[in-house]
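# Geometric and topological summary
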Amino acid sequence: TSVQYKMASVDYPNAALRPVLQILYGFLPTPTPTGTPPPAVPEPRLRVSKTGPEGPLYDSDVDIRYNISVQNVGTDVATNVVITDDLPLGVVYVSCTGGGNYNAEEHVITWDVASLGINDTSQMEVNVKLADWIKAGGVVVNVVSADCPRCPGDPAGGQWTIWVGPPTPTPTAEVIATPTPSPT
């Protein structure tokens with residue numbers, strides 16, 4: 001329910017032209033939203049994963065293979081995607097797949113993907129070897145990132161950590177015969 005008040009100025013000689021002020025006092029109904037909300041702005045979003053071997057590693061003659069996967073989980077096509085793998089100290093570049101370009105000065109591999117559709121995935125592989133000096137022990141952390149001009153926020157990233165060191169010798173049991181004294 002509501003109450004309505006009307007006020008008019010009595011100074012006007014012509015009642016038809018007399019200004020009237022109306023005040024509505026009481027409970028007003030809450031407006032109900034109508035229609036559908038505006039659609040979200042379509043944008044690409046990248047998800048990166050990286051996998052590699054389990055550690056510890058110690059053999060510098062064995063290839064270490066990293067698998068990289070970049071997926072567009074957004075609502076629009078990702079264009080001009082740049083994927084960057086910053087190779088860590090302690091590894092020596094061997095090869096990569098997917099059209100990657102290795103920059104020896106910066107120790108970085110870069111892939112340029114022209115277009116990555118909604119829910120599409122781009123996969124690549126990186127092969128490296130351990131440098132001789134790291135075989136004594138350490139940690140190798142390989143980090144990859146992916147970005148595009150229309151992707152919101154910071155670049156998507158993934159990493160894989162491997163412990164490096166000499167193998168731990170497996171203890172072996174050695175049986176030593178001890179003569180038993182005979183009863184006297």
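What counts, and where the lines are drawn
- Numbers given for residues are sequential positions, taken from 1 along each chain in its written order.
- Local features in this predicted model are restricted to residues of pLDDT 70 or higher, and side-chain atom pairs are both shown and tallied only at a pLDDT of 80 or more, whereas totals for entire chains, interfaces and linings draw on every residue.
- Neither water nor hydrogens contribute to the side-chain values; these are computed over all heavy atoms in the structure.
- Here a strand is any run of E in DSSP of at least two residues, a helix any run of H or I of at least four, and the numbering for each starts at the N terminus.
- Exposure is judged per residue with a 1.4 Å probe applied to protein chains only, and the accessible area is read against the type maximum: over 50% gives exposed, under 20% gives buried, and values in between give partly exposed.
- Every residue pair with non-hydrogen atoms within 4.5 Å of one another is taken to be in contact.
- Surface accessibility in these figures is a Shrake-Rupley result with a 1.4 Å probe; residues are shielded only by whichever protein chains are displayed.
- Planes of paired rings set the category: under 30 degrees apart is stacked, over 60 is edge-to-face and the rest tilted, where pairs are Phe, Tyr or Trp rings (Trp by its six-membered ring) whose centres lie within 6.5 Å.
- Either the NZ atom of lysine or the CZ atom of arginine qualifies as a charge over a ring when it sits within 6 Å of the ring centre and within 35 degrees of the ring normal.
- Salt bridge, as used here, is a side-chain nitrogen of Lys or Arg placed within 4 Å of a carboxyl oxygen of Asp or Glu.

So, on to the overall build of the chain. A tally of helices and strands in the chain yields zero helices and eleven strands. Each of the 184 residues in the chain was classed as buried or not, and the buried ones make up 28%. Contacts spanning at least 24 positions in sequence make up 69% of the contacts within the chain whose residues lie at least 6 apart. By element, 56% of the accessible surface of the chain is carried by carbon and sulfur atoms, the whole surface being about 12900 Å².

The next point concerns the packing of aromatic side chains. One pass over the full model with this rule turns up one aromatic pair. Between Y93 and Y102, the aromatic rings sit 4.0 Å apart at their centres with planes inclined by 5°, giving stacked as the arrangement. Sitting over the face of the ring of Y66, K50 holds its NZ or CZ atom 4.8 Å from the ring centroid.

Note that S122 resides in strand β9 (residues 121-130). Those residues in contact with S122, other than ones at most four positions away along the chain, are I68, S69, V70, V113 and L116.

Right, let's talk about the pattern of salt bridges for a bit. Side chains carrying opposite charge are able to pair once their charged atoms draw close together. Going through the model one piece at a time under the given rule, you end up with five salt bridges. Across the pair D85 and K50 runs a salt bridge whose closest N-O atoms are separated by 3.0 Å. With D85 in strand β5 (residues 78-86) and K50 in strand β3 (residues 46-51), this pair connects stretches of sequence that are 35 residues apart. The class of D85 is buried, set by a relative accessible area of 0%. A relative accessible area of 6% places K50 in the buried class. For D63, the salt bridge identified is with K129, shortest N-O distance 2.8 Å. Placement of D63 in the loop between β3 and β4 (64-72) and of K129 in strand β9 is noted, with a sequence separation of 66 residues between them. Here D63 falls in the partly exposed class, since its relative accessible area comes to 39%.

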